[in-house]
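Observations on the model geometry
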Protein chains: 2
Amino acid sequence: MSGSRPGDDADRMARVALTWLAEPGNRAVWQLVQAGGAEATLDRLLGGDIPEPTLRAAVISRTTAGDPRRLAEAALHRAERLGARVVVPADPEWPTGVDSLSTLELEGGDRINRNVRPPLCLWVRGGRRLDEAFARSVAVVGARAATNYGVHVTNELAYGLAEHGWTVVSGGAFGIDAAAHRAALTAGELTVAVLACGVDRPYPVGNSAMFEQIAESGLLMSEWPPGSDPLRHRFLIRNRVIAAATAGTVIVEAAARSGAVQTLSRTVALGRRAMVVPGPVTSAMSVGCHELLRRHPETVVVTGTAQVLEEVGTIGEYLAEIPRGRDHVRDDLDEDSALVLEAIPRRGTVGPEELAARAGLGVRTVLRRLSLLEMAGLVVRRSDGVALARSARRAPPGPV
Amino acid sequence: MSGSRPGDDADRMARVALTWLAEPGNRAVWQLVQAGGAEATLDRLLGGDIPEPTLRAAVISRTTAGDPRRLAEAALHRAERLGARVVVPADPEWPTGVDSLSTLELEGGDRINRNVRPPLCLWVRGGRRLDEAFARSVAVVGARAATNYGVHVTNELAYGLAEHGWTVVSGGAFGIDAAAHRAALTAGELTVAVLACGVDRPYPVGNSAMFEQIAESGLLMSEWPPGSDPLRHRFLIRNRVIAAATAGTVIVEAAARSGAVQTLSRTVALGRRAMVVPGPVTSAMSVGCHELLRRHPETVVVTGTAQVLEEVGTIGEYLAEIPRGRDHVRDDLDEDSALVLEAIPRRGTVGPEELAARAGLGVRTVLRRLSLLEMAGLVVRRSDGVALARSARRAPPGPV
């Protein structure tokens, strides 16, 4: 057994058994697997050689309920009948974003915040490859008790992201999550539901028709084997995967102390983009959003698709248009001044010589135009060259 | 004449005349007054000794329209009949906050952004002293085309600030400004309207009844002499005074590229508190607010009175309660743990010895309780002691 290789059937089975012995994300189990492999770790745990008392207690309680190897095999058979598969890190389609969890450290020492290590395996329903689905993906999550406002904004946002070829990832819940999935489905694009229960009986049952659609055109994904119940604490465990697998997370509506807020703390700690949609201060469903903006300087206000794309796109891929800039001043410029202005980079400074080269003008012309542009408030002089004034930064014409 | 002293009638008259010769905030005029006094500056400008060409042209155009000294005297007489007064820097009631404008430098070289120097004098109607009115003051400003949402939020906010003894300062306009003034009046508290026209005929006329109420119980204030028209550019000039005279500015609603946005850029540059009320992303009247939050990291989201007070109050005077923290965990603590937790400062770290002294417990007890508190996620260990975990920071019981 200890001769098995990562990704072979024994490794796969051991990972499934380990996830059954201890909840996903367990720090001690993950460290043992990293050190000695899944099979050896399973042998060790079943042999009772467990230094951590909490883990030891958990393993004893689970093994009295059944033989982990037998249960793992049963789960794999059940998945096969169901058309589901289990994906492990050695598989080509493993979504490597979740590996960032291997070094995540969160403030506060409680169990959920400590046990945030990567999944040992992922159960999947759906025809698309995981790695491709997550390559350009954004999480859109929020309150179950969403308001009409929240659902409307989610619709616009998720539809727009899907249209631009971004996978919309969410948690399958009522409210914001369901609105996000549905908008992506409506756009005819890919959406992934990351569940806190088995992929064979996605929760909540009220969203069953939607889950069937997602399984057909998108992906249902879970760390827990088929048949697993959506226990309350599993949603909190699951949230780290949503945060880690995507380029960024948008919270549309959230009450105070909500799961969405917890997801965003992971997003921030992982260095992913943390985005928040504001709402009326009179709405209880926006309290969590505003608290995030107040307490976490890393979170960014987003009000629409373009601003989300600006955050998650590769640099320069998308630049959200600043609402109505000083276009009136700009539009009155003579041709040479316009050329000079266009040649100034959106960020940073540039010298007059380089500017002349870029704009295809003489240096003296450039210097004269720069004086005019400075007077018009479009350009500022700095010690190392000139820069666009804040008010003059405008997106170039483009698709977004 | 050059023998006059700051604050005497000649100085007062000269300042009024200078404000008539060049719009308030003029950088060149202010520098001359700083260097040689108001009277000498007036002599010099009327003598034609003016280095700056723009100022020279302005002075020539104004002096052909009338004799500045005669016009200043007429304005002072008119003010007297009206029950208005002119306040100069030498007067005890001068609101010293506006003196911060003497060093304000803004990005972008346009005229309005350059000429942001302090007022030379202030015209006032109302029985209260300016300095006392502004000592604890917050500006609440925003869109004229306010929505019901904006008016509602402004009402709550301004009423709450007034109730807590803060002067509500605004610009007297329709929409958010008027809602802010009216809420303070309803609370029976002090409000100041900073106008861009003469205090004898406050603009807009539709708010006349409100202005009369403000003149009776609060203050109408302007840099322009009685009879002055509310010219469009004067609102932009005026905004710097609102920003400088108050401890902070709250923007409730603002369209893109609005005057309120311009006010907040001055607030930020002056180091005053810049606060923004978010709103529905679907509302055009919140676009300016969200842009401010996106582009200026110095701006803070505020959703109610308590959060504004937290910003502008002296340190520790007000602490806004974080919406529903981890009270459930806290409430389950044993007495010693609760004592230890209460003894940890809201910000910064503390060592176990000091903690023992503060809590009135033994060091060993403190160390044992700290371990429990750390496990509960309420306390974090740092290299130089322990600190409250973010989730455990909660306001002490208090009036706000």
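Residues numbered from 1 in each chain as written. Chains lettered and ligands numbered in written order. Predicted model: local features only at pLDDT ≥ 70, side-chain atom pairs only at ≥ 80, totals over all residues. Heavy atoms only, no water.

1. A few points about the confidence of the model for chain A
Residue and element names in this part refer to chain A. Spelled out, the test is: For every residue, the pLDDT score states the predictor's confidence, bounded by 0 at the bottom and 100 at the top. Contact definition: two residues touch when any of their heavy atoms are within 4.5 Å.
In the predicted model, chain A carries a mean pLDDT of 88, and 91% of its residues have values of at least 70. The low-confidence segment residues 324-328, where pLDDT is below 50, has nine contacts with residues more than four positions distant or belonging to other chains. Across residues 394-400, where pLDDT falls below 50, the model places 13 contacts with residues more than four positions away in sequence or in other chains.

2. Topic: the side chain of E223 of chain A
Residues and elements named next belong to chain A. This is how the line gets drawn: Helix numbering and strand numbering both begin at the N terminus, where a helix is a DSSP run of H or I of at least 4 residues and a strand a DSSP run of E of at least 2. Contacts described as polar in this section are N or O atom pairs within 3.5 Å, which, within protein, must combine one atom able to donate a hydrogen with one able to accept it, while residues neighboring in sequence count only if both atoms come from side chains.
Within the secondary structure, E223 is located in the loop between β6 (219-222) and α11 (232-245). Among the polar contacts listed, one links the side chain of E223 to the side chain of R240, at a separation of 2.8 Å. Those residues in contact with E223 that sit more than four places away from it in its chain are T19, P24, P119, C121, L122, W123, I237, R238, R240 and V241.

3. Quick look at the sheet that holds strand β7 (residues 248-251) of chain B
All names here are of chain B. Threshold: At least two bridges found by DSSP between two strands are what make those strands a pair.
The nine strands are arranged β1-β2-β6-β5-β4-β3-β7-β8-β9 in an open sheet whose pairing can be described as mixed. Lying at the two open borders of the sheet, with one neighbouring strand each, are β1 (84-87) and β9 (300-301). Inspection of the sheet shows β7 paired to strand β8 (residues 273-276) by four bridges, in the parallel sense. Its bridge partner lying in β8, T249 is registered against A274.

4. Overview of the UniProt feature "domain: Smf/DprA SLOG" (unreviewed entry) in chain A
This is how it is decided: UniProt positions are given in the numbering used here, feature names are shortened, and annotations may be inferred rather than shown by experiment.
Mapped onto the present numbering, the UniProt feature "domain: Smf/DprA SLOG" (unreviewed entry) falls on residues 112-311 of chain A. Along residues 112-311 of chain A one finds 44% helix and 16% strand; the C-alpha atoms at either end are 28 Å apart.

5. A closer look at unusual backbone geometry
Applicable threshold: Burial classes follow relative accessibility: with a 1.4 Å probe on protein chains only, a residue under 20% of its type's maximum area counts as buried, one over 50% as exposed, and anything between as partly exposed.
Residue P204 of chain A follows Y203 of chain A across a cis peptide bond; omega there is 0°. With respect to the helices, strands and loops of the structure, P204 of chain A is situated in the loop between β5 (191-195) and α10 (208-217). Positive phi is not limited to glycine here, since R257 of chain B has a value of about 60°. Structurally, the position occupied by R257 of chain B is in the loop between β7 and α12 (259-269). For R257 of chain B, a relative accessible area of 55% translates into the label exposed.

6. Thoughts on the sheet that holds β5 of chain A
Residue and element names in this part refer to chain A. Pairing is mixed in the open sheet, where nine strands are placed in the order β1-β2-β6-β5-β4-β3-β7-β8-β9. With one partner strand each, in any of the chains shown, β1 (84-87) and β9 (300-301) form the two edges of the open sheet. In terms of strand pairing, strand β4 (residues 167-170) meets β5 through three bridges, oriented parallel. Within β5, the residue paired with V168 across the bridge is T191.

7. A closer look at the packing of helix α8 (residues 148-163) of chain B against helix α14 (residues 305-312) of chain B
Residue and element names in this part refer to chain B. Note the threshold: Whenever a helix is involved, its axis is fitted only over the stretch in contact; in every case the axis is a line through C-alpha atoms, and angles between N-to-C directions fall within 0 to 180 degrees. Here the angle decides the label: under 35 degrees means roughly parallel, over 145 means roughly antiparallel, 65 to 115 means roughly perpendicular, and every other value means oblique. By convention the crossing between two helices is left-handed if the near helix lies anticlockwise of the far one by an angle smaller than a right angle, and right-handed if it lies clockwise. Throughout this entry, Asp, Glu, Lys and Arg are counted as charged residues, while Ala, Val, Leu, Ile, Met, Phe, Trp, Tyr, Cys and Pro are counted as nonpolar. The remaining residues, Gly among them, count as polar.
Between α8 and α14, whose axes approach to 9 Å, the crossing angle comes to 50°. As the angle between them shows, α8 and α14 are arranged oblique. Note on packing geometry: the crossing formed by α8 with α14 is right-handed. The segment α8 lies against α14, with E156, L157, G160 and L161 engaging T305, V308 and L309. Its residues placed into classes, the contact of α8 with α14 shows four nonpolar, two polar and one charged.

8. Concerning the domain arrangement of chain A
Residue and element names in this part refer to chain A. The criterion, for reference: Note that domain bounds follow an automatic or database assignment of domains. Throughout, buried area stands for the accessible area (probe radius 1.4 Å) lost by two parts on being put together, summed over both. The term salt bridge refers to a side-chain nitrogen of Lys or Arg lying within 4 Å of a carboxyl oxygen of Asp or Glu.
One can read the domain layout of chain A as domain 1 (1-70), domain 2 (122-312) and domain 3 (327-392). The distance between the C-alpha centroids of domain 1 and domain 2 comes to 30 Å. Across the contact, five residues belong to domain 1 and seven residues belong to domain 2. Contact with domain 2 buries surface across domain 1, with V16, E23 and P24 losing the most and accounting together for 72% of the total. In this assembly, domain 1 and domain 2 are joined by one salt bridge.

9. Considering the packing of aromatic side chains
Applied cut-off: Two aromatic rings, drawn from Phe, Tyr or Trp (for Trp, its six-membered ring), form a pair once their centres lie within 6.5 Å of each other, and the interplanar angle then sorts them: stacked below 30 degrees, edge-to-face above 60, tilted otherwise. Charge-over-ring placement is defined geometrically: NZ (Lys) or CZ (Arg) within 6 Å of the ring centre, and within 35 degrees of the ring normal.
Per the counting criterion, the structure on display carries two aromatic pairs over all chains. Over the face of the ring belonging to W30 of chain A we find R117 of chain A, whose NZ or CZ atom lies 5.9 Å from the ring centre.

10. With respect to the environment of L76 of chain B
All names here are of chain B. Relative to the elements of secondary structure, L76 occurs in helix α5 (residues 68-82). Residues L76 and W123 lie 47 residues apart in sequence; the distance between their C-alpha atoms is 9.6 Å. Apart from residues no more than four positions distant in its own chain, L76 is found in contact with M13, V16, V86 and W123.

11. Overview of helix α3 (residues 38-46) of chain A
For an α-helix, 3.6 residues make a turn, and residues three or four places apart therefore share a direction. Residue and element names in this part refer to chain A. Let me state the cut-off plainly: Note that the arc is computed from the directions linking the helix axis to the C-beta atoms.
Residues of α3 that are buried: A38, E39, T41, L42 and L45. With its buried residues spanning 160° around the axis, α3 presents them on a single face. On the buried face of α3, the contacting elements are α1 (9-21), α2 (27-36), α4 (53-65) and α5 (68-82). Downstream of α3 by a residue or two, G48 has a phi angle that is positive, lying close to 90°.

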